[in-house]
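# Coordinate inspection notes
As a plain string of letters, each chain reads:
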Amino acid sequence: MLQSYIMRLRRKRHRLRAFRKHFSLKTVVNRTGKIRPGDVLLFSTMRDEFVRLPYFLKYYRNLGVAHFLIVDNDSSDGGREYLAEQPDVSLWTTKASYKKSKFGVDWLNWLQRKYGHGHWTLVVDPDELFVYPFCDTRPIRALTDWLDVSQVKSFGAMLLDMYPKGRIDAVPYIPGQDPIEIASWFDPGNYMIEKNRSYGNLWIQGGPRSRVFFSDRPKKAPALNKIPLVKWDKKYTYISSTHMLLPRGLNKTYDEWGGERASGVLLHAKFLNTFPAKAEEELTRGQHYSGSVEYKAYAENFQDNPDLWCKWSEKYINWRQLEILGLMSKGNWA
Amino acid sequence: MSVGIVMLVHTAFNRAEQVARHWAASGCPIVIHVDKFVSKPVYNDFVKALADLPHVRFSKRHRCEWGTWGLVAATQCASEMMLREFKDVRHVYLASGSCLPLRPVQELIDYLAERPQTDFVESATTADVPWTIGGLDHERFTLRFPFSWRKNRFLFDKYVALQRTVGYRRRIPNGIVPHMGSQWWCLTRQTLSAILEDPDRAIYDRYFRTVWIPDESYFQTLSRLYSRQIESRSLTLSKFDYQGKPHIFYDDHLQLLRRSDCFVARKIWPFADKLYEAFLTDQASAMKRTEPNPGKIDRIFAKAVDRRTRGRPGLYMQSRFPVEGRENGLTCAQYSVFEGFNDLFENFEPWLARVTATRVHGNLFAPERAEFSGGQTVMNGALSDSAALRDYNPRAFLASLIWNTRGERQCFQLGPRDRIKKIEWDIAKDPNAQVSVISGAWAVPLFKSNLNFSEIREEAARQQRIESKHLDVLRSPWTKARVRIWSMSEFIEAPMEPLQTIIDEIGKQSQHGLSEVPKMSDLSGFGQFLQNLKNQGMHPYLMGDFPVEHHQNEPQSGKRKPYLVR
């Protein structure tokens, strides 16, 4: 009882934060008038990701995302201008601190509250590609319609770190190219799960980042659990990135009685040749989680041997492969 | 014009229109019922869109909420209209707006023309069918259900509970026997009109109005009163999942549906363009002319339900994280744990690998690192040998290892030097584990070591303490693993017998049997070593009795049987 009261207060506080932080957002172009009922909306925040944008937009348009609502955090690489030209993008920009906005969560919470109510909303970073069961034959609307019928309000998709074979700076990434062509390998079976008692979500760690950078202090390894797809209500709020939400019921994207719920994967194409420069920059800005501990670890380990590949790495083929490996599930969707 | 179509529509009107035109093109008259919930302009547009078809009628609109009487009322009205307005209709086919005819309509017409007296309605008594949602089967017909299950679950449940406590039972009118079955039927004019014109219809209607899910029982029950010949199956292919909602068909089901041989499928996703395109054109004649057989699709949907309710045993992942006791197997396959064997035998691991053709690891839970077979630093699944990573979540480590190596049996060593505290219970409770213990064998490496005796004494005491606790775990009533424990003295009396038992149980023995024997450490002086420990005040007991005079490997008479726990 007390617990749920505390959670309620927390949710309100986050909503208040979102309200406070939204003043720093400046509209670049607002095309939200084009949004139709039932559209699947994508929310994202980005900084200097121009090189990734063409493929990112193509990938999600192809899945059937109807509108992109993007917060640009002071890009200087031309990405903002590029996005502003896209007919299905609404764009906001801000020079405010990424860290102080809870890594963009406050900004997006605000936009979702304003434009996402009643829609299925997908919150992803520009280096994340959403994969769900049957994504090669069914548009995202098929998934959300099915979730609606099943009375499911949130859909989990674990972050799966993708990396190339050999030095990560060996092959240059060309704009418009599928990043998975280069970063096509992943760790198939070294993940660790714990339940977060207070929020009810699962806390997943593991993968190449745990294996290579955090093998001596696993607790510090980044969280891989994500709940990117939610039938949004203006009362909802993300708490920490898209790792968890309030109200807590939305975090229960897993089954506890032995069965499997449907789930997807976010292919995380972070480790391209663009990474070392980015890591360096992030390190000096210090705008990332927990004192950018992650980037410090990368800097230490990547200096001499930037290779994440090992003998047991698996090469990505399609969602069915991930299903068989047990990284995602069709649940009862057939 | 012998088949009339009654169509219940509440959404996706462009698709409903497309399907209606398809039926009409083959000369079938259609009566459409549109849910009252649909707004007036939308309804009017829909009516207007179909205005050019002469044999399409629209019946009085009712509110059709799932599992309520409205659906039956709508069907009654539309059927009455059909029988009244189209005199030469012989069969009436009940379909929905999201139904899709798979075979050419003419085939359906011919099929029914050959069976003029047959009613196709799935109709079974409650005792005989497993599809009960919410734990209600016969009570559907003996309780009242005035509250919506979807919208008012709380009141629904409370009201059911209340009726159960006070022992309320409704009388079933006229002694009819309640039957249930798919909502989608195809009845003959004779049967259908007999139901609709029954002098007692008011009584039945009043009764079924508060039965739960009357659309699956009204016609299914009453047709039993009048039909001359019932085929208890639906001509409509429709699959339900474990929550009782229909599975939806998408573009990628095209081949599956082609092979289904059914006349009509439900329910089709409104945006499945390829399906509509493929089946609503005349080329659909590519389908074979055979008896309908929805069985072919069964497997795929049964599997989906199984995956959702039971899942894959031994898998822990983002959408399957069972609470303790509901794992349906902590791991996904059998594995063997050996304790003390590599202390007692010099070449136990390579020997075991040779005779069993399994994957044999060293001490996976060793304090320094996970000793994977062949000295690998990374194993299947990119599992790291880092001790820190392993100890961070040993249970995930073990479950992942067994999951990643599906199809190949895993064996590993365990001992009191290892980090066993956080994993011993998981192994003990896992029915997939085969645990074999030679208790006290940890003393052999100490015996061979070059440590100062005081250090040895301390270490021996520590390891004995740990192993003793560990044996308590293995002997606890919660243990589900297959556990065998021998004391060391017991084991070395006749080592081959227990080894043979273990190897047999693994069941992957190479043909030539145990032609080769592992080499036992030289134990001369071991008895004296234990005596020295005793003299120092440390009492080694887990290894059994060793006389100070040593007689190694001499089989004694009267071998003891291995000690099998559970």
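For clarity, every value in this text was computed on a predicted model and none was experimentally measured. (Residues numbered from 1 in each chain as written. Chains lettered and ligands numbered in written order. Predicted model: local features only at pLDDT ≥ 70, side-chain atom pairs only at ≥ 80, totals over all residues.)

Secondary structure summary: chain B contains 22 helices and 20 strands in total. The globule rule puts the C-alpha radius of gyration for 566 residues at 24 Å, and the 36 Å found for chain B is more than 25% above it. Considering only C-alpha atoms, chain B reaches an extent of 110 × 60 × 45 Å along its principal axes. Expressed as a percentage of its 566 residues, the buried residues of chain B come to 44%. (Helix = DSSP H or I, 4+ residues; strand = E, 2+ residues; numbered from the N terminus. Rg over C-alpha atoms; globule rule 2.2 N^0.38 Å. Buried ≥ 20, exposed ≤ 12 C-beta atoms within 10 Å, placed from the backbone.)

With that out of the way, let us pick up the sheet that holds strand E15 (residues 264-268) of chain A. Residues and elements named next belong to chain A. Reading across the sheet, the three strands line up as E6-E15-E8 and stay open at both edges, with mixed pairing between neighbours. Among the strands making up the open sheet, the edge pair consists of strand E6 (128-131) and strand E8 (157-161). Neighbour-to-neighbour, the strand axes of the sheet open up by a mean angle of 25°, direction not taken into account. As judged from the four bridges shared by E6 and E15, these two strands associate in the antiparallel manner. (Pairing = 2+ DSSP bridges. Axes fitted to C-alpha atoms, helices over the stretch in contact; angles between N-to-C directions.)

Below, the discussion takes up the domain arrangement of chain B. Looking at the assigned domains, one finds that chain B contains domain 1 (3-309) and domain 2 (335-565). One C-alpha centre belongs to domain 1 of chain B, the other to domain 2 of chain B; they are set 64 Å apart. (Domains from an automatic or database assignment.)

A separate point is the environment of B:Gln531. Residues and elements named next belong to chain B. With respect to the element layout, Gln 531 can be found in helix H22 (residues 526-535). Residue Gln 531 is classed as partly exposed on the basis of its C-beta count, with 14 C-beta atoms lying within 10 Å. Counting along the chain gives 260 residues from Gln 531 to Phe 271, while the straight-line C-alpha distance between them is 83 Å.

Let us now look at the interface of chain B and chain A. Facing 48 residues of chain B, the contacting portion of chain A comprises 50 residues. Those elements that provide at least two residues to the side of chain B that touches chain A are helix H12 (295-309), strand E15 (378-379), strand E16 (383-384), helix H15 (387-392) and helix H16 (394-404) of chain B. Looking at the side of chain B that touches chain A, the element that brings in the most residues is H12(B), giving seven residues. Tallied by class, the residues present in the side of chain B that touches chain A amount to 24 nonpolar, 13 polar and eleven charged. (Contact = placed C-beta atoms within 7 Å. Nonpolar A, V, L, I, M, F, W, Y, C, P; charged D, E, K, R; others polar.)

Turning our eyes to something else, we now look at the packing of helix H1 (residues 2-21) of chain A against helix H4 (residues 105-116) of chain A. How two helices sit against one another is set out by the angle between their axes and by the gap between those axes. Residues and elements named next belong to chain A. Look at H1 against H4: their axes get within 8 Å of each other, and the N-to-C directions meet at 95°. Between H1 and H4, the interaxial angle falls into the category roughly perpendicular. Of the residues in H4, those touching H1 at His 14, Arg 17, Ala 18, Phe 19 and Lys 21 are Asp 106, Trp 107, Asn 109, Trp 110 and Arg 113. Its residues placed into classes, the contact of H1 with H4 shows four nonpolar, two polar and four charged. (Parallel < 35°, antiparallel > 145°, perpendicular 65-115°, else oblique.)

Residues and elements named next belong to chain B. Within the secondary structure, Gly 544 is located in the loop between H22 and strand E20 (564-565). Distance from Gly 544 to Ser 487, taken between C-alpha atoms, is 5.6 Å for residues 57 residues apart in sequence. Sequence-distant contacts of Gly 544, defined by excluding residues within four places in its chain, comprise Gly 440, Ser 487, Met 488, Ser 489 and Glu 490.

Residues and elements named next belong to chain B. For strand E1 (residues 3-9), a buried count of seven out of seven residues is recorded, marking the element as mostly surrounded by other parts of the structure. Residues Val 3, Ile 5, Met 7 and Val 9 of E1 are buried on one face, and the alternating residues Gly 4, Val 6 and Leu 8, pointing to the opposite face, are buried as well. Alignment of E1 against strand E4 (residues 91-96), held across six bridges, turns out to be parallel. Residue pairing for E4: Ile 5 is matched across the bridge by Tyr 93. Of the pairings in the sheet, the one linking E1 to strand E2 (residues 30-34) comprises five bridges and is parallel in character. The partner of Leu 8 across the bridge, within E2, is His 33. The parallel pair E1 and E2 is bridged by helix H1 (residues 13-25), and the resulting crossover is right-handed. (Right-handed = clockwise from strand over helix to strand, strands pointing away.)

Residues and elements named next belong to chain A. The sheet built from seven strands is open, its strands ordered E1-E4-E3-E2-E5-E12-E7 with mixed pairing. The sheet is open, and its two borders are formed by strand E1 (26-29) and strand E7 (154-155), each paired with just one other strand. One ladder, built from two bridges, connects E7 with strand E12 (residues 229-231); its direction is antiparallel. Within E12, the residue paired with Phe 155 across the bridge is Leu 229.

Take the pairing of strand E13 (residues 237-240) of chain A next. Residues and elements named next belong to chain A. Note that E13 and strand E14 (residues 244-246) share three bridges and pair antiparallel. The partner of Ser 240 across the bridge, within E14, is Met 244. The loop that links E13 with its antiparallel partner E14 comprises three residues; one of these, Ser 241, has a positive phi angle of about 45°.

A word on H12(B). Residues and elements named next belong to chain B. Helix length check: H12 (15 residues) gives 21 Å between terminal C-alpha atoms against 21 Å at 1.5 Å per residue, within 8%. Those residues of H12 that fall on the buried side of the exposure criterion are Ile 297, Ala 304, Arg 307 and Arg 308. One side of H12 carries all its buried residues, which in axial view fall inside an arc of 105°. Exposed and oriented more than 90 degrees from the buried face of H12 are Gly 295, Asp 298, Arg 299 and Ala 302. Each element contacted by the buried residues of H12 is listed here: strand E11 (236-238) and helix H10 (254-258). (Expected span 1.5 Å × (residues − 1). Arc of directions from axis to C-beta.)

Along the chain, A:Leu246 connects to A:Pro247 via a cis peptide bond; the corresponding omega equals 0°. B:Arg266 connects to B:Lys267 through a cis peptide bond whose omega is 5°. Assignment of secondary structure puts B:Lys267 in the loop between strand E12 (264-266) and helix H11 (273-279). Of note, the phi angle at A:Ser241 is positive, near 45°, even though the residue is not glycine. With respect to the secondary-structure elements, A:Ser241 resides in the loop between E13 and E14. The class for A:Ser241 is buried, based on 21 C-beta atoms found within 10 Å.

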